[in-house]
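# Descriptive structure summary
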Amino acid sequence: MLVLGAGGGLELKVFAEGHPGWSFVGVDPSAAMLDLARRTLGNLSDRARLHEGLIEGAPQGPFDAAACILTLHFIERQERLRTLLEVRRRLKPGAPFVVAHFSFRQNERDLRLSRYAAFAKASGIEGSQAESARIGIGARLPILSPEEDEGLLREAGFTGVSLFYAGFAFRGWVASA
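Quantities reported herein were computed from a predicted structural model and do not represent experimental measurements.

Rules used in this analysis
Residues numbered from 1 in each chain as written. Predicted model: local features only at pLDDT ≥ 70, side-chain atom pairs only at ≥ 80, totals over all residues. Heavy atoms only, no water. Helix = DSSP H or I, 4+ residues; strand = E, 2+ residues; numbered from the N terminus. Buried < 20%, exposed > 50% of the residue type's maximum accessible area, 1.4 Å probe, protein only. Pairing = 2+ DSSP bridges. Salt bridge = Lys/Arg side-chain N within 4 Å of Asp/Glu carboxyl O. 1 Å grid on protein atoms, 1.4 Å probe; cavity = no way out; pocket = protein on both sides within 12 Å on 5 of 7 lines; lining within 4 Å. Points joined across faces, edges and corners; volume = space filled by probe spheres on them. Phe/Tyr/Trp six-rings, centres within 6.5 Å; stacked < 30°, edge-to-face > 60°.

## Comments concerning the environment of S23
- Relative to the assigned elements, S23 resides in the loop between α1 (10-18) and β2 (24-28).
- Overall, S23 belongs to the partly exposed group, its relative accessible area being 49%.
- Sequence separation between S23 and L44 is 21 residues, and the spatial gap between their C-alpha atoms is 9.7 Å.

Have a look at this one:
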């Protein structure tokens with residue numbers, strides 16, 4: 001399984017614990033985050049090959065599945081399409097791809113980010129930190145609408161695009177290569 005944006009290894013660990021027969025390739029541009037992924041995986045790390053860099057430098061596969069959790073919202077639209085094309089190219093025909101990230105209509109931006117910050121505060125995050133996160137996310141992330149995100153998945157060649165999660169400012173889809 002290909003995991004794009006392997007970050008600190010949390011998805012890798014969940015997938016590895018839930019599926020003992022699976023092996024993984026994790027891709028992330030940050031060496032520090034991949035070091036954290038190794039520590040997070042612990043004794044499961046022998047089932048994961050971690051690759052520092054972007055998707056273009058990742059192994060060609062073909063992979064049986066792919067996931068990209070909380071990553072695409074950092075990538076500008078055109079680069080996002082290129083990234084999705086590269087993921088699709090590495091998957092076996094019909095392989096599932098799971099993706100989840102910030103996604104909302106621009107006319108809902110203030111509402112969605114305010115709810116995100118309120119939830120963070122209710123979860124124990126210091127109010128000033130939650131507010132700083134809201135401001136930073138709103139200013140820096142190239143967040144697309146759900147329709148744009150679904151359109152990019154289809155443009156990259158994915159089929160059967162289906163929303164499986166919607167909460168606060170996040171959406172998640174599953175699609176087939």
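There's more to say after this.
## As for the pairing of strand β7 (residues 170-176)
- Burial within β7 is extensive, with five of its seven residues counted as buried.
- The pairing of strand β6 (residues 159-167) with β7 spans six bridges and is antiparallel. Pairing of Y165 across the sheet is with G172, part of β7.
- In textbook terms, the turn of a hairpin is the stretch between consecutive antiparallel strands, and for β6 and β7 this stretch comprises two residues, one of which, F168, has a positive phi near 50°.

## Here's the deal with the pattern of salt bridges
- Applying the stated criterion across every chain, the model contains ten salt bridges.
- Taking the shortest distance from any N to any O, the salt bridge between D64 and K92 comes out at 2.6 Å. Residue D64 is located in the loop between β3 (48-52) and β4 (66-69), and its partner K92 is located in the loop between α3 (77-89) and β5 (96-102); the two are separated by 28 residues in the primary sequence.
- R105 serves as the salt-bridge partner of E147, at 2.4 Å between the closest nitrogen and oxygen. Taken together, the residues E147 in helix α6 (residues 146-155) and R105 in the loop between β5 and α4 (109-122) connect sequence positions 42 residues apart.
- Overall, the relative accessible area of 44% leaves E147 in the partly exposed class.

## Let's talk about the side chain of T83
- Mapped onto the secondary structure, T83 falls in helix α3.
- Overall, the relative accessible area of 5% leaves T83 in the buried class.

## Some remarks on empty space enclosed by the protein
- This model, assessed by the stated rule, comprises one cavity of 30 Å³ or more.
- In this structure, the largest cavity spans a volume of roughly 40 Å³.
- Together, L72, R80, L84, V99, H101, D149, L152 and L153 line the largest cavity.
- At the level of secondary structure, the elements contributing two or more residues to the lining of the largest cavity comprise α3, β5 and α6.
- The element best represented in the lining of the largest cavity is α6, accounting for three residues.

## What about the packing of aromatic side chains?
- Summed over all chains, the structure comprises seven aromatic pairs.
- Centre to centre, the rings of Y116 and F170 are 6.1 Å apart; their planes meet at 65°, and the pair counts as edge-to-face. Residue Y116 is found in helix α4, and its partner F170 is found in strand β7; the two are separated by 54 residues along the sequence.
- An aromatic cluster of three or more residues is present, and its members are F15, W22 and F24.

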